[in-house]
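# Observations on the model geometry
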Amino acid sequence: MSVHGGKDKAVYAYPFEHYDYWRRKLPDMDLPWGMFGENLTTVGLLEDEVNIGDRFRIGSAEVMVTQPRMPCYKLGVKFGRPDIVKQFLDSRLTGFYFSVLQEGQVGNGDTLSLISRDSNNVTVADITRLYARETHDLELLHRAVQIEALPTGWQDYFQQQIEKFKR
């Protein structure tokens, strides 16, 4: 549960819009909905527009964005190509995880409605950028470690990056 699932990774959402990118990138692959392992294929919620800590209602459930997805070897197994893990991270089309704040019924076609926006204004894409490449953005690193919704492991990692920056 520390790597797959758990309270901070209860529901994985992947944007519908990204499937066009992957269909162009991998034209010989069949890419049915859910191919990336998502629980929800969303429309209109992109990583550069959704903040860590944003809260949504879907059906009668309430969920909160906690972190981007970091791919593991299992994605390579599912796709039958180990290079997909690197391509996935390089694309920055990661999707994101929700924690469940209030259990409820969710059905096909339910709308995700924004309940509240996290005031730190750190997007899912920002977290991916900090992790994958841009650890020198000290101001963003400081904002990231302040986000209560961001799991402790991420906060600790970013705090270490801040400490390295100070040296």
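Notes on the structure in this doc start here. (Residues numbered from 1 in each chain as written. Predicted model: local features only at pLDDT ≥ 70, side-chain atom pairs only at ≥ 80, totals over all residues. Heavy atoms only, no water.)

### A closer look at the overall build of the protein chain
- Helix and strand counts for the protein chain come out as six helices and six strands.
- In the protein chain, the order of α-helices and β-strands from amino to carboxyl end is β-α-β-β-β-α-α-β-β-α-α-α.
- Projected onto the principal axes, the alpha-carbon positions of the protein chain cover approximately 50 × 40 × 30 Å.
- Here the protein chain holds 167 residues, and 44% of them are scored as buried.
- Entry remark: accessible area of the protein chain is about 9000 Å², with carbon and sulfur atoms responsible for 49%. (Helix = DSSP H or I, 4+ residues; strand = E, 2+ residues; numbered from the N terminus. Buried < 20%, exposed > 50% of the residue type's maximum accessible area, 1.4 Å probe, protein only. Areas by Shrake-Rupley, 256 points an atom, 1.4 Å probe, with all protein chains shown as cover.)

### Considerations on the packing of aromatic side chains
- Overall, the coordinates contain 19 aromatic pairs when judged by the stated rule.
- On the numbers, 6.1 Å between centres and 75° between planes, the contact of Phe56 with Phe98 is edge-to-face. With Phe56 in strand β3 (residues 55-58) and Phe98 in strand β5 (residues 96-102), this residue pair connects regions lying 42 residues apart in the sequence. For the pair formed by Phe56 and Phe98, the shared burial category is buried.
- By way of ring pairs, the aromatic residues Tyr12, Tyr14, Phe16, Tyr19, Tyr21, Trp22, Trp33, Phe36, Phe79, Phe88 and Tyr97 are connected into one cluster.
- The ring of Trp33 has Arg23 sitting right over it, with the charged end atom 5.0 Å from the ring centre.
- Across from the ring centre of Phe88, 5.5 Å away, lies the NZ or CZ of Arg69, which sits over that ring. (Phe/Tyr/Trp six-rings, centres within 6.5 Å; stacked < 30°, edge-to-face > 60°. Lys NZ or Arg CZ within 6 Å of the ring centre and 35° of its normal.)

### A short note on the sheet that holds strand β1 (residues 11-15)
- Strand order in the open sheet formed by six strands is β2-β1-β5-β4-β3-β6, and the pairing between neighbours is mixed. Taken across any chain shown, the strands that pair with only one partner, and hence form the sheet edges, are β2 (40-42) and β6 (112-116). The sheet shows a mean angle of 40° between the axes of neighbouring strands, direction not considered.
- Bridging between strand β4 (residues 61-68) and β5 involves six bridges; their strand directions are antiparallel. Paired with Val65 across the strands is Phe98, a residue of β5.
- Packing of helix α1 (residues 18-25) onto the sheet brings it into contact with β1 and β2, and relative to β1 it is tilted by some 70°. (Pairing = 2+ DSSP bridges. Axes fitted to C-alpha atoms, helices over the stretch in contact; angles between N-to-C directions. Contact = heavy atoms within 4.5 Å.)

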